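# Architecture and fold: a report
Each chain, written out:
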Amino acid sequence: MEFKGVKINIVVIVILLVLISFFVGQHFYKVYNIDKPIKEEIAGVDGVKEVEMVNKDGKMDMILSLDPAIDFYHVYKEIEGIFADSKINDKGSIIIKNESNSDLENVYYRLHYAIYEGIKTNKFVTMEENVAEIVEESEFTDYKLWIDNEAVYFQLNGDKTSLYKKIPYNKTITVHTEGGGSNG
């Protein structure tokens, strides 16, 4: 079929080939210039065992497996910084895939009430004391608890496995000081 000397079927085929080439090229660009480099950079962070990137609801989530007994807070913050600085347009969540055992999960279940109560009441020292008491009653004694303006980070170490949790909250911790260094 021709229109004014132009074969329409050839034009349609060329347009389809150009569109297919464009989308294939865009896909390979994303995979090799965005996804692969960030995945390799995060996999290079000490304490990261495995990195998986998953597209969920139009956003790119990062699923991580971590080595046991790392310094969870600092490793997480390093990963978070790399992820934030990446070229990924629609960043999703950083998800920690815990490979802990049921004993660690049971201890966390008992102490998560203390963590959420501390967050709700802003009594973080009391929260830490309650967490320490619950952990001491268990067979595990190696734990760490960190707090920043975004979340509470919890780590409980077993023999060959660890449990890592980031518990976000929507409050900002502010410290007011007045002259002489006293709290006000």
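Quick look at the structure, then.

## Brief notes about a negative patch on the surface
Residues E41, D46, E78 and D85 make up a contiguous surface patch of negative charge. As for its position among the elements, E41 is in helix α1 (residues 8-43). You can call E41 partly exposed: its relative accessible area is 47%.

## Overview of the pattern of salt bridges
This structure, assessed with the given rule, holds five salt bridges. The residue K77 makes a salt bridge to D148 at a minimum N-O spacing of 3.0 Å. In this pair, K77 is assigned in helix α2 (residues 72-85) and D148 in the loop between β6 (142-147) and β7 (151-157), connecting sequence segments 71 residues apart. A salt bridge links E80 to K166, with the shortest nitrogen-to-oxygen separation between them at 3.5 Å. Taken together, the positions of E80 in helix α2 and K166 in strand β8 (residues 162-168) put the pair 86 residues apart, joining distant regions of the chain.

## Section: the sheet that holds β7
Read across the sheet, three strands follow the order β6-β7-β8 without closing on themselves; strand pairing throughout is antiparallel. The open sheet has two free edges, formed respectively by β6 and β8, since each of these has just one partner strand. Along the sheet, successive strands turn relative to each other by an average axial angle of 10°, direction set aside. Its contacts with the sheet place α2 against β6, β7 and β8, and it is angled at close to 130° to β7. Lying on the sheet, helix α3 (residues 102-121) is in contact with β7 and β8; it crosses β8 at an angle near 25°.

## Topic: the side chain of S100
Among the secondary structure elements, S100 is positioned in the loop between β5 (91-96) and α3. By relative accessible area, which is 18% here, S100 ends up buried. Side-chain polar atoms of S100 contact the side chain of E105, separated by 3.0 Å. When neighbours within four sequence positions are excluded, S100 is seen to be in contact with E105, T161, S162 and L163.

## Digging into the pairing of strand β4 (residues 59-66)
Within β4, seven of the eight residues are buried, which leaves it mostly tucked inside the rest of the structure. Two elements, strand β3 (residues 48-56) and β4, share eight bridges in a ladder whose sense is antiparallel. Opposite M53, over in β4, you have M62 as the bridge partner. Between the end of β3 and the start of β4, which pair antiparallel, lie two residues, with D57 showing a positive phi angle near 55°. As defined by bridge partners, β4 adjoins β5 across four bridges and the pair is classed as parallel. Its bridge partner being in β5, I63 is matched across the sheet by I95. In this fold, β4 hands off to α2, which returns the chain to β5; that crossover is right-handed.

## Considering the sheet that holds β5
Across the sheet, three strands lie side by side as β3-β4-β5; this open sheet has mixed pairing. Unpaired on one side and paired on the other, β3 and β5 mark the two borders of the sheet. Sheet twist, expressed as the average angle between the axes of neighbouring strands with direction ignored, equals 20°. Together, β3, β4 and β5 form the strand contacts of α2, whose direction differs from that of β5 by roughly 160°.

What counts, and where the lines are drawn
- Residues numbered from 1 in each chain as written.
- Predicted model: local features only at pLDDT ≥ 70, side-chain atom pairs only at ≥ 80, totals over all residues.
- Heavy atoms only, no water.
- Patch = residues over 30% accessible without salt bridge, like charges linked within 9 Å, V, L, I, M, F, W, Y side chains within 5 Å.
- Areas by Shrake-Rupley, 256 points an atom, 1.4 Å probe, with all protein chains shown as cover.
- Salt bridge = Lys/Arg side-chain N within 4 Å of Asp/Glu carboxyl O.
- Lys, Arg positive; Asp, Glu negative; His and termini not counted.
- Charge placed at Lys NZ, Arg CZ, Asp CG, Glu CD.
- Helix = DSSP H or I, 4+ residues; strand = E, 2+ residues; numbered from the N terminus.
- Buried < 20%, exposed > 50% of the residue type's maximum accessible area, 1.4 Å probe, protein only.
- Pairing = 2+ DSSP bridges.
- Axes fitted to C-alpha atoms, helices over the stretch in contact; angles between N-to-C directions.
- Contact = heavy atoms within 4.5 Å.
- Polar contact = N/O pair within 3.5 Å; in protein donor to acceptor, adjacent residues only side chain to side chain.
- Right-handed = clockwise from strand over helix to strand, strands pointing away.

Fair warning: the whole summary comes from geometry, so function is off the table for now.
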